[in-house]
Amino acid sequence: MVEGWLASGAVDPRDLIILTPSQKPAAEAARAAGARVNPPVETLGGARAVVLAVKPARWREVAAELAPRIGDASVISVMAGVRGADLADVFAGPVVRVMPTTGVAVGKGAAGLWSADAGAAAVARSLFAPVAAVVDIPDEAMMDAVTAMAGSGPAYVFAFTRALAQAGEAQGLPPAVAADLARATVRSAAAGLEGAEDVQALIARVASPGGTTEAGLAALAEAGLDQAVKAAVAAARRRAEALSR
């Protein structure tokens, strides 16, 4: 997120305070640009919004230290499985849940956003819209599915890219050639999604009747691609639900 905000100019580094136990390059870049990194926690007293980006298992520990110091600032959680009601029990300000993908780092992310407070939702949208396609989620109960599909989704696509490269190797391509072609193919396909056509129409543009693509798609269907993806999303959702408990 910090990388995306710095690159897009969505956040003035001088308005950015980062509290982190690790020396990540993005934090150091932000420091160099004028952000405050690991100042006294009391510095957050004037914050308009606080983005809570910690491991779900640690959030209560962190919240206990932050809550007395941030007043009624909007709390934007990007944590999987942590319910808005639980956050509202600890923080005085309105709560927003956002599930972004790692593509926010290069301004090409996706983010599902839910909040019961319109003002806080607008604050969160102003932060994420410059680095992601923001989709409003009408019911917080859907956030576990958003996490399982979109939040985890890039890893599924990366896994497919790896499998595509391995398949190319199996057909005789040198490993480096197969890897480069797989990455380029996935990037090209993603660019096609920017158009107005629906996904089925995009598939039809590539798959000529009786052609090679149609044969490959039939093999994917026979191998159970759709079922495998559904199983992955269902498993990720179950894990998100477990984290909430």
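Here the structure is a predicted model, which means the values were calculated and not measured.

What counts and what doesn't
- Residues numbered from 1 in each chain as written.
- Predicted model: local features only at pLDDT ≥ 70, side-chain atom pairs only at ≥ 80, totals over all residues.
- Heavy atoms only, no water.
- Axes fitted to C-alpha atoms, helices over the stretch in contact; angles between N-to-C directions.
- Helix = DSSP H or I, 4+ residues; strand = E, 2+ residues; numbered from the N terminus.
- Parallel < 35°, antiparallel > 145°, perpendicular 65-115°, else oblique.
- Left-handed = near helix turned anticlockwise from the far one by under 90°.
- Contact = heavy atoms within 4.5 Å.
- Nonpolar A, V, L, I, M, F, W, Y, C, P; charged D, E, K, R; others polar.
- Pairing = 2+ DSSP bridges.
- Buried < 20%, exposed > 50% of the residue type's maximum accessible area, 1.4 Å probe, protein only.
- Polar contact = N/O pair within 3.5 Å; in protein donor to acceptor, adjacent residues only side chain to side chain.

**Q** Run through the packing of helix 6 (residues 143-151) against helix 11 (residues 225-244), naming residues and quoting values.
**A** Axis separation between helix 6 and helix 11 bottoms out at 8 Å; the angle between their running directions is 130°. Considered as vectors, helix 6 and helix 11 are oriented oblique to each other. Considering how the two elements wind past one another, helix 6 and helix 11 form a crossing that is right-handed. Between helix 6 and helix 11, the residues in contact are Asp144, Ala145, Ala148 and Met149 and Val233, Ala236, Arg237, Ala240 and Glu241, respectively. In the contact of helix 6 with helix 11, the residues fall into 6 nonpolar, no polar and 3 charged.

**Q** Outline the sheet that holds strand 4 (residues 74-77), supporting the account with residue identities and numerical values.
**A** Read across the open sheet, the 5 strands follow the order 3-4-5-6-7; overall the sheet is mixed. The open sheet has two edge strands, strand 3 (49-52) and strand 7 (132-136), and neither has a second partner. Here the average twist between neighbouring strands, direction ignored, is 25°. Note: strand 4 against strand 5 (residues 95-100), 3 bridges, orientation parallel. Paired with Ser77 across the strands is Arg97, a residue of strand 5. Helix-sheet contacts for helix 5 (residues 118-128) involve strand 3, strand 4, strand 5, strand 6 (109-115) and strand 7, and the interaxial angle to strand 5 is about 30°.

**Q** Provide a residue-level description of the side chain of Ser115, including the pertinent values.
**A** Relative to the assigned elements, Ser115 resides in strand 6. With a relative accessible area of 17%, Ser115 lands in the buried category. Separated by 3.0 Å, the side chain of Ser115 and the backbone nitrogen of Asp117 make a polar contact. Sequence-distant contacts of Ser115, that is, excluding residues within four places in its chain, are made with Val95, Val96, Ala120 and Ala121.

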